[in-house]
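The residues making up each chain are set out below.
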Amino acid sequence: MTRLTKIRRSYALALIAIVALVAAACSGTSEDPGAGQVEVAHYYGSDLGQQGILDVNATFEAGEAVVSPIEHEAFKDQILVALAGGEPPDVFSYWAGARTQSVFENGHLQPITQVFDNADVWNNFPQALVDAGIHGGEPHLLPFGFHYVAFFYNPHVMEAAGVTSMPTNSQEFIAAAQQIAASGVKPIALGSMNRWPAQFWFDFLILRTAGPDYRAKLMSGEASYTDPQVVAAMELWKQLVDAGFFVDDANAYTWTDAADQVANGEAAMTLMGTWITGYWNGIGLEPVTDYDFFNFPVLDPAIENAALGPIDGWALSADAANPEGAMALLEHYADPGNQLTWALEQGALPPNSNADTTQLNPVMAKALVEVGKADSYSFNYDLATPPPVAEVGLDMFQAFMDDPSGYADLLSSAQSDAQAAFAG
């Protein structure tokens, strides 16, 4: 029994994982051909994404992927414990950016150059996504899906409110929100119970007013949370909350609650990533007819258009029991057909440029176009700054939604805590 399994006894999925691993061990022999068994852990513990991984693994003929899904929030701590304990899964899902960088710096990853060479990731993936997997001069994360954050909305609500064209700048956005509110519907749904959904507001308000270069300095500790640029962004956010545009008690809801509020017409829109399309498809909504999106409006025409979103990938543990089998599975995950299977079921965009993107639904196809039109691509907050600092900011965003009037004190405390976190 692995250490990863032991630390997960308190979770309902643990018994299932234990039974699966024991059964697989009992049925295997030393004569098993090919890559053998590859132990995989991922954070798609809900229905969203699980089936896509099962479908991709079902076509892995070189060996057998033994999968342990873990609930999204629980995964963040459990995988770090397993990696530090020396008995991790062979392959695990992770987020590109500061999180992978941190695990790499702690010595818990091994390079996957063989995968990048054999699958020609160097030429088949966009350069920005290739670069996202490079740490210490070598690839350590295989991009599997990426996302685009935007305002996803209910066209029926918009039409009923008389909003016939989606806003492209701040003035149009305020006017549309006022129009929606006048129709008796909350303009914006936000479910920040788990903190991270609120980060997209901070991200875009900084990106659209101060720009990507300043934001990068803030994420690295070169800029301060008490800077005028951050204060101005928080003041804009406060004005939107004070105007009554957000649903009440945002911290009482999850992101799927917010998605439901938009789907059932309680709210008009929510600022979320493209994975919301996978959720809505799963409950029977039709793209374009029942949901669509528009970009976060321009706040300063002089600021470049930055796209925002996470990149999900797969990493190879430094202490993997079956590294060669893991390499074979990662090559399988790099295949354009497998990436498309995952993208279609999870609500993601496939990194492999050879994937048949004509199969994407119209909303996702539009998202892919918008990513291509952007001047730059930024990771969302908790993937752009070191994990200890991210905890500081995520706490601040949630506290802000409870009481926006105290944002000056929140920024001052966040700066002190962030400085301490950067100092280590």
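Nothing here was measured: the structure is a model prediction, and the numbers come from that model.

Definitions and limits used
Residues numbered from 1 in each chain as written. Predicted model: local features only at pLDDT ≥ 70, side-chain atom pairs only at ≥ 80, totals over all residues. Heavy atoms only, no water. Helix = DSSP H or I, 4+ residues; strand = E, 2+ residues; numbered from the N terminus. Core = buried A, V, L, I, M, F, W, Y, C linked by side-chain atoms within 4.5 Å. Buried < 20%, exposed > 50% of the residue type's maximum accessible area, 1.4 Å probe, protein only. Domains from an automatic or database assignment. Pairing = 2+ DSSP bridges. Contact = heavy atoms within 4.5 Å. Buried area = accessible area lost by both parts, 1.4 Å probe. Salt bridge = Lys/Arg side-chain N within 4 Å of Asp/Glu carboxyl O. Nonpolar A, V, L, I, M, F, W, Y, C, P; charged D, E, K, R; others polar.

## Overview of the environment of A82
In this fold, A82 is placed in helix 4 (residues 72–85). The sequence separation of A82 and S317 amounts to 235 residues, and the corresponding C-alpha distance is 10.0 Å.

## What about the nonpolar core?
Membership of the largest hydrophobic core comes to 137 residues, with the highest contact counts inside it found for F92, W201, F202, Y225, W237 and Y333. No fewer than three residues from each of domain 1 (37–147 + 310–354) and domain 2 (150–308 + 380–423) sit in this core.

## What about the pairing of strand 7 (residues 149–153)?
Here strand 7 lies mainly inside the structure; 5 of its 5 residues are buried. Where strand 7 lies against strand 9 (residues 267–273), 5 bridges are found, and the strand directions are antiparallel. Across the sheet, V149 pairs through a bridge with G273, a residue of strand 9. Taken together, the 3 bridges between strand 7 and strand 10 (residues 292–294) define a ladder with antiparallel strand orientation. Following the sheet pairing, F152 is matched in strand 10 by F293.

## A look at the domain arrangement of the protein chain
As assigned here, the protein chain comprises domain 1 (37–147 + 310–354) and domain 2 (150–308 + 380–423). Using only C-alpha atoms to locate each centre, domain 1 and domain 2 end up separated by 28 Å. Between domain 1 and domain 2, the contact holds 15 residues from the first and 16 residues from the second. Across the domain 1 to domain 2 interface the summed buried area is about 1,200 Å²; carbon plus sulfur atoms make up 60%. Across the contact surface, domain 1 and domain 2 share 0 salt bridges. Contributing elements (two or more residues each) for the side of domain 1 that touches domain 2: helix 4 and helix 5 (98–105). Tallied by class, the residues present in the side of domain 1 that touches domain 2 amount to 6 nonpolar, 6 polar and 3 charged.

## Topic: helix 11 (residues 199–209)
Among the 11 residues in helix 11, 10 count as buried, and that is most of the element. Turning to helix 11, its buried residues number three or more, namely Q199, F200, W201, F202, D203, F204, L205, I206, L207 and R208. Trailing helix 11 by a residue or two, G211 shows a phi angle of about 95 degrees, which is positive.

## Some remarks on the pattern of salt bridges
Side-chain pairs of opposite charge can arise where the charged atoms are in close proximity. One pass over the full model with this rule turns up 8 salt bridges. Across the salt bridge formed by E73 and K76, the nearest N and O atoms sit 3.3 Å from each other. Of this pair, E73 and K76 both sit in helix 4, separated by 3 residues, roughly a single helical turn. Judged by its relative accessible area of 13%, K76 is buried. With a closest N to O distance of 3.2 Å, E370 and K373 form a salt bridge. One end of the pair is E370 and the other is K373, both in helix 18 (residues 362–373) and 3 residues apart, which spans about a single turn. When salt bridges with common partners are traced through the structure, they connect R195, E391 and D395 into a single cluster.

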